[in-house]
Amino acid sequence: MSDANRLVAAVRTEFGKGAARRARRDGQVPAVLYGHGKDPRHLNVPSRDFAAILRAHGTNAILTLDIEGKEQVALTKSVVVHPIRKYIEHADLLVIEKGEKVTVDVPVVVTGDAASGSLIAQDATTISLEVDALKIPEQIEVSVEGLEIGTQILAGQVDLPKGATLQADEDLLIVNVAAAPTAADLEEEPVVEAEAEPEEAPAAE
(Lines give C-alpha, C1' and ligand atoms only; values in the text may rest on other atoms or scores of the structure.)
Protein backbone atom coordinates (compact mmCIF):
# COMPACT_ATOMS: atom_id res chain seq x y z
CA MET A 1 0.00 0.00 0.00
CA SER A 2 1.32 3.41 -0.93
CA ASP A 3 2.41 5.72 1.87
CA ALA A 4 0.07 8.26 0.25
CA ASN A 5 -2.83 6.16 1.58
CA ARG A 6 -1.43 5.83 5.09
CA LEU A 7 -3.20 7.64 7.91
CA VAL A 8 -2.33 7.84 11.58
CA ALA A 9 -5.63 7.28 13.38
CA ALA A 10 -6.26 8.23 16.99
CA VAL A 11 -8.69 6.24 19.12
CA ARG A 12 -11.58 8.44 20.20
CA THR A 13 -12.41 8.63 23.88
CA GLU A 14 -15.08 11.34 23.60
CA PHE A 15 -18.40 10.94 21.82
CA GLY A 16 -21.40 13.04 20.82
CA LYS A 17 -21.89 16.13 18.68
CA GLY A 18 -19.72 18.34 20.86
CA ALA A 19 -16.78 15.95 20.67
CA ALA A 20 -17.23 15.63 16.90
CA ARG A 21 -17.19 19.42 16.50
CA ARG A 22 -14.01 19.68 18.57
CA ALA A 23 -12.36 16.97 16.48
CA ARG A 24 -13.23 18.72 13.23
CA ARG A 25 -12.01 22.02 14.66
CA ASP A 26 -8.69 20.30 15.37
CA GLY A 27 -8.44 19.09 11.76
CA GLN A 28 -9.73 15.57 12.39
CA VAL A 29 -12.59 13.53 10.88
CA PRO A 30 -14.58 11.29 13.25
CA ALA A 31 -14.70 7.76 11.82
CA VAL A 32 -15.96 4.31 12.78
CA LEU A 33 -13.99 1.18 11.82
CA TYR A 34 -15.98 -2.06 11.78
CA GLY A 35 -16.15 -5.51 10.21
CA HIS A 36 -15.07 -9.15 10.59
CA GLY A 37 -17.13 -9.52 13.75
CA LYS A 38 -14.93 -7.12 15.66
CA ASP A 39 -16.30 -4.44 17.95
CA PRO A 40 -16.53 -1.08 16.15
CA ARG A 41 -13.57 1.20 16.82
CA HIS A 42 -14.15 4.94 17.06
CA LEU A 43 -11.31 6.90 15.50
CA ASN A 44 -10.20 10.33 14.40
CA VAL A 45 -8.26 10.63 11.12
CA PRO A 46 -6.51 13.73 9.70
CA SER A 47 -9.10 15.54 7.59
CA ARG A 48 -6.69 17.12 5.08
CA ASP A 49 -4.85 13.86 4.34
CA PHE A 50 -8.10 11.87 4.19
CA ALA A 51 -9.67 14.37 1.77
CA ALA A 52 -6.56 14.20 -0.45
CA ILE A 53 -6.85 10.39 -0.63
CA LEU A 54 -10.53 10.62 -1.60
CA ARG A 55 -9.73 13.16 -4.33
CA ALA A 56 -7.02 10.89 -5.72
CA HIS A 57 -8.73 7.52 -5.42
CA GLY A 58 -12.46 8.16 -5.15
CA THR A 59 -14.92 7.15 -2.47
CA ASN A 60 -13.84 3.48 -2.54
CA ALA A 61 -10.34 4.39 -1.35
CA ILE A 62 -8.25 1.76 0.43
CA LEU A 63 -6.46 3.04 3.53
CA THR A 64 -3.65 1.74 5.70
CA LEU A 65 -4.48 2.92 9.20
CA ASP A 66 -1.79 3.24 11.86
CA ILE A 67 -3.77 2.71 15.07
CA GLU A 68 -1.57 3.02 18.13
CA GLY A 69 1.36 1.53 16.22
CA LYS A 70 -0.61 -1.33 14.62
CA GLU A 71 -1.56 -1.38 10.93
CA GLN A 72 -5.05 -2.13 9.65
CA VAL A 73 -6.14 -2.04 6.01
CA ALA A 74 -9.61 -0.56 5.55
CA LEU A 75 -12.04 0.32 2.79
CA THR A 76 -13.77 3.70 2.81
CA LYS A 77 -17.37 2.50 2.98
CA SER A 78 -19.23 5.82 3.29
CA VAL A 79 -18.43 9.50 3.72
CA VAL A 80 -20.79 12.18 5.00
CA VAL A 81 -20.04 15.67 3.63
CA HIS A 82 -21.60 18.86 4.98
CA PRO A 83 -24.12 19.97 2.31
CA ILE A 84 -23.11 23.64 2.41
CA ARG A 85 -19.59 23.93 3.83
CA LYS A 86 -18.41 20.75 2.04
CA TYR A 87 -16.13 19.52 4.82
CA ILE A 88 -16.16 15.84 5.77
CA GLU A 89 -18.40 15.31 8.80
CA HIS A 90 -17.98 11.58 9.33
CA ALA A 91 -16.69 8.39 7.68
CA ASP A 92 -17.44 4.67 7.96
CA LEU A 93 -14.45 2.40 7.36
CA LEU A 94 -14.62 -1.35 6.74
CA VAL A 95 -11.92 -3.76 7.95
CA ILE A 96 -10.56 -5.82 5.05
CA GLU A 97 -8.06 -8.64 4.79
CA LYS A 98 -5.77 -9.66 1.93
CA GLY A 99 -7.67 -11.62 -0.73
CA GLU A 100 -11.07 -10.59 0.58
CA LYS A 101 -13.80 -9.62 -1.86
CA VAL A 102 -16.14 -6.69 -1.27
CA THR A 103 -19.22 -5.30 -3.02
CA VAL A 104 -18.81 -1.67 -4.07
CA ASP A 105 -20.50 0.87 -6.36
CA VAL A 106 -17.99 1.92 -9.02
CA PRO A 107 -18.49 5.14 -11.05
CA VAL A 108 -19.39 4.70 -14.74
CA VAL A 109 -17.73 7.06 -17.23
CA VAL A 110 -19.10 7.31 -20.78
CA THR A 111 -16.48 7.81 -23.50
CA GLY A 112 -16.56 8.38 -27.27
CA ASP A 113 -19.09 9.92 -29.65
CA ALA A 114 -22.21 8.19 -30.91
CA ALA A 115 -23.72 8.65 -34.39
CA SER A 116 -24.45 12.14 -35.67
CA GLY A 117 -27.74 13.56 -34.44
CA SER A 118 -27.81 11.43 -31.31
CA LEU A 119 -28.19 12.33 -27.66
CA ILE A 120 -26.50 10.24 -24.96
CA ALA A 121 -28.56 9.65 -21.82
CA GLN A 122 -26.66 8.04 -18.96
CA ASP A 123 -29.25 6.35 -16.76
CA ALA A 124 -26.84 4.87 -14.18
CA THR A 125 -23.79 6.69 -12.87
CA THR A 126 -22.48 3.72 -10.86
CA ILE A 127 -22.46 -0.04 -11.22
CA SER A 128 -22.35 -2.55 -8.36
CA LEU A 129 -19.46 -5.04 -8.50
CA GLU A 130 -17.89 -7.70 -6.31
CA VAL A 131 -14.12 -7.35 -6.54
CA ASP A 132 -10.91 -8.05 -4.69
CA ALA A 133 -10.77 -5.42 -1.96
CA LEU A 134 -7.26 -4.40 -2.98
CA LYS A 135 -8.09 -4.19 -6.70
CA ILE A 136 -11.14 -1.93 -6.77
CA PRO A 137 -11.27 -0.02 -10.09
CA GLU A 138 -11.59 3.74 -9.77
CA GLN A 139 -14.08 3.77 -12.66
CA ILE A 140 -15.65 1.67 -15.39
CA GLU A 141 -15.49 3.11 -18.92
CA VAL A 142 -18.38 2.54 -21.30
CA SER A 143 -17.71 3.50 -24.93
CA VAL A 144 -20.51 4.80 -27.15
CA GLU A 145 -18.19 5.43 -30.10
CA GLY A 146 -20.18 5.18 -33.34
CA LEU A 147 -23.32 3.71 -31.75
CA GLU A 148 -26.53 4.26 -33.67
CA ILE A 149 -29.69 5.94 -32.40
CA GLY A 150 -31.82 3.45 -30.51
CA THR A 151 -28.87 1.55 -29.05
CA GLN A 152 -28.98 0.72 -25.35
CA ILE A 153 -26.16 -0.56 -23.17
CA LEU A 154 -27.22 -2.73 -20.22
CA ALA A 155 -25.17 -3.64 -17.16
CA GLY A 156 -24.77 -7.20 -18.43
CA GLN A 157 -23.07 -5.88 -21.59
CA VAL A 158 -20.40 -3.84 -19.81
CA ASP A 159 -16.80 -5.11 -19.96
CA LEU A 160 -15.67 -5.66 -16.38
CA PRO A 161 -12.11 -5.88 -15.00
CA LYS A 162 -10.63 -9.35 -14.58
CA GLY A 163 -11.89 -10.98 -11.40
CA ALA A 164 -14.87 -8.62 -11.01
CA THR A 165 -18.41 -9.98 -10.80
CA LEU A 166 -21.51 -7.97 -11.63
CA GLN A 167 -23.83 -7.51 -8.64
CA ALA A 168 -26.33 -5.21 -10.35
CA ASP A 169 -29.27 -6.50 -12.39
CA GLU A 170 -28.00 -7.49 -15.86
CA ASP A 171 -30.93 -5.58 -17.39
CA LEU A 172 -30.04 -2.34 -15.59
CA LEU A 173 -29.96 0.42 -18.23
CA ILE A 174 -26.60 2.20 -18.22
CA VAL A 175 -26.69 4.27 -21.43
CA ASN A 176 -29.41 5.05 -23.94
CA VAL A 177 -28.58 6.53 -27.37
CA ALA A 178 -31.60 8.62 -28.36
CA ALA A 179 -32.33 11.04 -31.19
CA ALA A 180 -31.31 14.59 -30.37
CA PRO A 181 -34.19 17.10 -30.47
CA THR A 182 -34.33 19.23 -33.61
CA ALA A 183 -34.59 23.00 -33.70
CA ALA A 184 -38.26 22.59 -34.59
CA ASP A 185 -38.80 20.36 -31.55
CA LEU A 186 -37.24 22.97 -29.28
CA GLU A 187 -39.37 25.75 -30.75
CA GLU A 188 -42.63 23.95 -30.15
CA GLU A 189 -44.46 25.38 -27.18
CA PRO A 190 -46.26 22.90 -24.98
CA VAL A 191 -50.01 23.39 -25.11
CA VAL A 192 -51.47 23.86 -21.66
CA GLU A 193 -55.21 23.58 -21.45
CA ALA A 194 -56.87 26.14 -19.23
CA GLU A 195 -58.66 24.66 -16.29
CA ALA A 196 -62.37 25.28 -16.12
CA GLU A 197 -63.29 27.72 -13.42
CA PRO A 198 -65.40 26.18 -10.68
CA GLU A 199 -69.02 27.15 -10.79
CA GLU A 200 -70.13 29.48 -8.04
CA ALA A 201 -72.44 27.89 -5.55
CA PRO A 202 -75.94 29.52 -5.38
CA ALA A 203 -76.32 31.98 -2.56
CA ALA A 204 -78.14 30.63 0.44
CA GLU A 205 -81.61 32.01 0.87
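Before going into details, it helps to say that this report is about the structure given with it. One numbering rule holds for all chains: residues counted from 1, following each sequence as written. Only residues with pLDDT of at least 70 get local features here, since the model is predicted, and only at 80 or more are side-chain atom pairs given and counted; chain-wide, interface and lining totals rely on the full set of residues. With hydrogens and water stripped out, all remaining heavy atoms of the structure feed into the side-chain values.

1. Some thoughts on the overall build of the chain
Logical step 1: From N to C terminus, the chain includes three helices and 13 strands.
Logical step 2: Out of the 205 residues belonging to the chain, those deemed buried represent 32%.
Logical step 3: Considering only intrachain contacts with a sequence separation of at least 6, the fraction spanning at least 24 residues in the chain is 62%.
Logical step 4: For the chain, the exposed surface amounts to about 13,400 Å²; the carbon and sulfur share of it is 49%. For the purposes of this entry, the term helix denotes a DSSP run of H or I that reaches at least four residues, the term strand denotes a run of E that reaches at least two, and both are numbered from the N terminus. Only protein chains enter the accessibility calculation, which uses a 1.4 Å probe; a residue is then buried when its area is under 20% of its type maximum, exposed when over 50%, and partly exposed in between. Should any heavy atoms of two residues lie within 4.5 Å, those residues are counted as being in contact. Here the accessible surface of atoms and residues is derived via Shrake-Rupley with a 1.4 Å probe, and residues count as covered only by protein chains that are part of the display.

2. Some words on the sheet that holds strand β13 (residues 173-179)
Logical step 1: On the basis of which strands lie adjacent, the open sheet formed by three strands has the order β8-β13-β11 and antiparallel pairing. Only two strands of the sheet have a single partner each, and these edge strands are β8 (118-122) and β11 (152-154). Along the sheet, successive strands turn relative to each other by an average axial angle of 10°, direction set aside.
Logical step 2: Strand pairing is defined by DSSP finding a minimum of two bridges between the two strands. Inspection of the sheet shows β8 paired to β13 by five bridges, in the antiparallel sense. Residue pairing across strands places Ser-118 opposite Ala-179, the latter belonging to β13. Only the contacting stretch of a helix is used when fitting its axis, a line to C-alpha atoms as for every element, and angles between N-to-C directions run 0 to 180 degrees.

3. Things to note about the nonpolar core
Logical step 1: The nonpolar core is taken to be a set of buried Ala, Val, Leu, Ile, Met, Phe, Trp, Tyr and Cys residues, with the residues joined through side-chain atoms within 4.5 Å. Of all hydrophobic cores here, the largest spans 25 residues; its most connected members are Leu-75, Ile-127, Leu-129 and Ile-174.
Logical step 2: Elements with a contribution of two residues or more to this core: β7 (101-111), β9 (126-132), β10 (140-143) and β13.
Logical step 3: Per element, the largest residue contribution to this core is four residues, and it comes from β7.
Logical step 4: For Leu-75, the contacting residues outside a window of four places in its chain are Asn-60, Ala-61, Ile-62, Asp-92, Leu-93, Leu-94, Ile-96, Val-102, Val-104 and Ile-136.
Logical step 5: Counting 20 residues, the second-largest nonpolar core is a separate cluster that includes Leu-33, Ile-53, Leu-63 and Ala-74.

4. Considering the environment of Ala-74
Logical step 1: With respect to the helices and strands, Ala-74 occurs in strand β5 (residues 70-81).
Logical step 2: For the pair Ala-74 and Leu-134, spaced 60 residues apart in the sequence, the C-alpha separation amounts to 9.7 Å.

5. Description of the sheet that holds strand β4 (residues 62-67)
Logical step 1: Sheet architecture is closed into a barrel: six strands sit in the order β1-β3-β2-β6-β5-β4, paired in mixed fashion. On average, adjacent strands in this sheet sit at an angle of 45° to one another, irrespective of strand direction.
Logical step 2: Of the pairings in the sheet, the one linking strand β2 (residues 28-35) to strand β3 (residues 38-46) comprises seven bridges and is antiparallel in character. Bridged to Gln-28 within β3 is Pro-46.
Logical step 3: The sheet strands contacting helix α1 (residues 17-25) are β2, β3 and β6 (88-95), and the helix crosses β2 at an angle near 120°.
Logical step 4: Those strands touched by helix α2 (residues 47-57) are β1 (6-11), β2, β3, β4, β5 and β6, and its axis lies near 100° from that of β3.

6. What to know about the pattern of salt bridges
Logical step 1: The working definition used for a salt bridge is a side-chain nitrogen of Lys or Arg within 4 Å of a carboxyl oxygen of Asp or Glu. Under the criterion given, the structure shown has one salt bridge.
Logical step 2: Between Glu-71 and Arg-6 there is a salt bridge, with the nearest N and O atoms lying 2.3 Å from each other. Of this pair, Glu-71 sits in strand β5 while Arg-6 is found in strand β1, placing the two residues 65 residues apart along the sequence.

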